[in-house]
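Close look at the chain arrangement
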Amino acid sequence: MTTWTIPVPMQLDESISSWLARAALAQGCDPLALTGAIWPGWRVWSLDPDRGIPEEKLGALSEVSGISVSDFQRAALHDDVEKIAGASLPNALAWPWVLALGSRNRKKRGWQQYCPACLAQDAKPYFRRGWRFAWHIGCQEHESMLLDRCPACGAHVDPHLLLAEDRCMAFCSHCKADLRKTSSSPVRKEAQAFQRMADDTLSKGEGTFGGQQISLPDWFATVHFFIGLIRRASIHDGSKLAGAIRLLGIHLAACRTYV
């Protein structure tokens, strides 16, 4: 196995699935054909490559791409999510705080988020690693909501199903609409503030609650608890729980978009 003639460096915060699809288009082939050549008999797209590619498979990928095994491991979601969970992660189950890309064979039934404005400004459009985290609902740079479907046909966004002739990651694999040529709603400042707080907490490895420093797993567990309360209250609008939530100054109608 030889290194590709056309090198494809990973972009800043690029997800592994994005890079695999983009690398294939750069080599002039379909993503499915590329991964089939790297790993004959192993269907990587029936899994979620962003969670992490098994170490025994990374050697072949590193050899053809010229990118180190450690770079691919850092791009995976596994290490960050394991820190958040505070425990080993199950291979066959959903992971906390990661938007699932549920699959049946190579067809996904989950949420690949994207910012149209980010894709439009990229010299070579790509999908960000951060867009896979559940607390990322808006683009901080463009202050707009992330989208998770094609605005033209309503299909899930599946970059790995693009064809060689598409040549660019910014197209819908189903109807070929340009994902860059749409707009999204502004994201609320409160949601942006929470997103920044969660990112900072993950980066620092600990958080603050009630004026006290708490561990990273405890911070995310606390947030999950309160999100559950707000979600339940928003469903049962006339309940005592909903009344108590309102006394805290939380507007349930505004929360429904986010929880």
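In short, a report on the structure. Residues take numbers from 1 onward in each chain, read along the sequence in its written order. Owing to the predicted nature of the model, reporting of local features is limited to residues with pLDDT of at least 70; listing and counting of side-chain atom pairs is limited to 80 or more, with chain, interface and lining totals taken over all residues. With hydrogens and water stripped out, all remaining heavy atoms of the structure feed into the side-chain values.

Secondary structure elements follow DSSP: runs of H or I no shorter than four residues count as helices, runs of E no shorter than two count as strands, and numbering proceeds from the N terminus. A count of helices and strands for the protein chain gives 10 helices and six strands. When we talk radius of gyration, it's over C-alpha atoms, and the globule rule is simply 2.2 Å times the number of residues to the 0.38. The C-alpha atoms of the protein chain give 20 Å as radius of gyration, which agrees with the globular expectation for 259 residues (18 Å, within 12%). Each residue is assigned to one of three classes by its accessible area relative to the maximum for its type, calculated with a 1.4 Å probe on protein chains only: buried under 20%, partly exposed between the two thresholds, exposed over 50%. The proportion of buried residues among the 259 residues of the protein chain is 44%. Residue contacts are counted whenever heavy atoms from the two residues lie within 4.5 Å of one another. The contacts in the protein chain between residues at least 6 apart in sequence include a share of 57% that link residues at least 24 apart. The centroid of the 29 positive side-chain charges in the protein chain is displaced by 7 Å from the centroid of its 26 negative side-chain charges. His is not counted here, nor are the chain ends, while Lys and Arg score as positive and Asp and Glu score as negative. All charge positions are set by atom: Lys at NZ, Arg at CZ, Asp at CG, Glu at CD.

Glancing now at the packing of aromatic side chains. Each aromatic ring pair is characterised by the separation of its centres together with the angle its planes make. Here a pair means two rings of Phe, Tyr or Trp (six-membered ring of Trp) with centres within 6.5 Å. Their orientation is stacked below 30 degrees between planes, edge-to-face above 60, and tilted elsewhere. As enumerated under the stated definition, the model contains 13 aromatic pairs in all. Aromatic side chains Trp39 and Trp42 sit 5.1 Å apart centroid to centroid with 90° between the ring planes, which places their arrangement in the edge-to-face category. The exposure class assigned to Trp39 is buried, which follows from its relative accessible area of 4%. Note on Trp42: relative accessible area 19%, which makes it buried. An angle of 40° between the planes, with centres 6.1 Å apart, marks the rings of Phe209 and Phe226 as tilted. One end of the pair, Phe209, is in strand β5 (residues 206–209); the other, Phe226, is in helix α8 (residues 216–235), with 17 residues separating them in the sequence. For Phe209, a relative accessible area of 44% puts it in the partly exposed group. Judged by relative accessible area, Phe226 falls into the partly exposed class, the value being 37%. Here the aromatic residues Trp97, Phe133, Trp135, Phe194, Trp219 and Phe220 are joined through ring pairs into a cluster of three or more. We note Arg51 situated over the ring of Trp95; from NZ or CZ to the ring centre the distance is 4.0 Å. In our convention, an over-ring charge means Lys NZ or Arg CZ found within 6 Å of a ring centre and within 35 degrees of that ring's normal. One cation-aromatic arrangement involves Arg128 over Tyr126; the distance from NZ or CZ to the ring centre is 4.0 Å.

Note: two strands are recorded as paired if DSSP finds a minimum of 2 bridges between them. Bridge count for β5 against strand β6 (residues 212–215) is four bridges, and the pairing is antiparallel. Of the residues in β6, the one forming a bridge with Gly207 is Ile214. The loop that links β5 with its antiparallel partner β6 comprises two residues; one of these, Gly210, has a positive phi angle of about 60°.

Everything listed is a geometric property; what it means functionally is a separate question.
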